[in-house]
Amino acid sequence: MGLPWIGETMEFYKAQRTNKLFEEFVQPRIHKYGKIFKTWLMGSPTVVVNGPDTNRFFLSNEFKLSVQLMGNDSIMEKQGEQHWCLRGIIASSSFSCAGHEGMMPKICDSCLLGINVEPQMLGIFERVLEGVFAPPIRVPGSKFSRAKKAREEIERVLIDVVREKKEEERENKPHDTTSFAIAMTFRMLAHHPNCFSLLLQEHADILSNKRAGEYLTMEDTKKMKYTWQVVRESIRLFPPIFGSFRKAISDIEYEGFIIPKGWKVLWTTYATHYNEDYFPDHMAFDPSRFEEPIQPYVFLPFGGGPRMCAGYQLAKLNILIFVHFVVTHYNWSHQYLDEPITMDPLPFPSHGMPINIYRKKL
Ligand code: HEM
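Residues numbered from 1 in each chain as written. Predicted model: local features only at pLDDT ≥ 70, side-chain atom pairs only at ≥ 80, totals over all residues.

For strand β7 (residues 264-268), a buried count of 5 out of 5 residues is recorded, marking the element as mostly surrounded by other parts of the structure. Note that strand β2 (residues 44-49) and β7 share 4 bridges and pair parallel. Across the sheet, the residue bridging to V49 is W267, located in β7. As defined by bridge partners, strand β4 (residues 243-248) adjoins β7 across 5 bridges and the pair is classed as antiparallel. Considered in β7, the bridge of R246 is made with V265. (Buried ≥ 20, exposed ≤ 12 C-beta atoms within 10 Å, placed from the backbone. Helix = DSSP H or I, 4+ residues; strand = E, 2+ residues; numbered from the N terminus. Pairing = 2+ DSSP bridges.)

This is the structure:
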């Protein structure tokens, strides 16, 4: 279990930071000790559990384990009725189909940068355009001067938008997971042109049945079957959340082991996502493996059991709609196709995944 109190925390963080938690931390210990092993992380004795049956036991055993680390008022800390009540509030906007149908125009409108274009902004853009073709004379009131001023205004608006978005990101962690899932989907599409062609065809077919400017509907998103397979395969290989901790609130007996009250339990996606028994040739990118249903508690990017992600449906919609708009309107190329993924604590492409993007000529 390593040094007193610190235990194996340093090894854990080192492996996590370089996104090699499975290869460098979990897998060597599974080989040495078996699929359930104990360690000492961040000051707590911790049991790391792996495999579908173990996942099922620990993810559904609400009464003996409590979720940790997110602050007392967070949904993650609530139990029983309070938990269900909070979930209900999130799920009413996030899970129900009626809620989603109503949200489709909003998601479609804010799909790219999420910038709401106010009417006065169009006026500012027009002033800039007028200046582009005017003689460069900087006297008050000239078209060129007005354009220069308008350009500065645009810069201010964009700085505010970026600041707001950064603020939102800081406060609203769930969206980091969605954007990482999107980023990994585009990365895998860039690596696999055949998959991209199939996906593009799916979206071209949907678009061909729409009038110009018509919003997507829930029915359209149901037709994005291959796209969802691509997304699932991308987040199987690059899960936005690698797993999470629980705390035993009483002694737990499992397969002859006793996990004492107060110990932590860590479940991870890796031990099943990267396991040949469940995903043959597991490092290969193969969206077709999701044509068949996957055994429960094997594919866990959204967790499982009563604490499965409450934003699952919303995240799915956001991802599908975003992919639709990008592939139907833009061509793009990655500046660094194989940039490493770092974790701090959520995964992120280390260069920020810069891309060159061009509007398609429709
Ligand atoms: C691709 C995007 C997302 C991924 C991969 C993801 C993943 C997860 C995972 C793995 C859990 C379970 C954590 C655990 O068992 O300890 C979780 C829980 C949760 N997620 Fe997400 N999430 C995503 C998007 C979202 C969004 C958009 C929202 C907001 C609407 C959201 C809200 C929540 C909430 C409230 C919980 C706690 C549920 C509970 O304790 O009952 N998630 N998510």
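Let us now look at unusual backbone geometry. Its identity is not glycine, yet M42 carries a phi of approximately 50°, on the positive side. On the basis of neighbour count, M42 is assigned to the partly exposed category, with 15 C-beta atoms found within 10 Å. A positive phi angle, near 50°, is found at D281, a position not held by glycine.

Viewed as axis vectors pointing N to C, helix α1 (residues 9-17) and helix α2 (residues 21-33) meet at an angle of 145°, and their least axial separation amounts to 7 Å. The segment α1 lies against α2, with E11, F12, A15 and Q16 engaging L21, E24 and F25. When the residues that make up the contact of α1 with α2 are grouped by side-chain class, the tally is 4 nonpolar, 1 polar and 2 charged. (Axes fitted to C-alpha atoms, helices over the stretch in contact; angles between N-to-C directions. Contact = placed C-beta atoms within 7 Å. Nonpolar A, V, L, I, M, F, W, Y, C, P; charged D, E, K, R; others polar.)

Contact pair helix α9 (residues 193-208) / helix α13 (residues 312-329): the axes reach a minimum separation of 10 Å and the direction vectors enclose 90°. When the axis of α9 is compared with that of α13, the two are roughly perpendicular. Contacts from L199, L200, H203, I206 and L207 in α9 reach H324, V327 and T328 in α13. Partitioned by chemical class, the residues of the contact of α9 with α13 number 5 nonpolar, 3 polar and no charged. (Parallel < 35°, antiparallel > 145°, perpendicular 65-115°, else oblique.)

Attention now goes to the confidence of the model for the chain. The pLDDT averaged across the chain works out to 84; a share of 79% of its residues lies at or above 70. Of all secondary-structure elements in the chain, the lowest mean pLDDT belongs to strand β3 (residues 65-67), at 61, while helix α11 (residues 225-237) reaches the highest, 98. (pLDDT = per-residue confidence, 0-100.)

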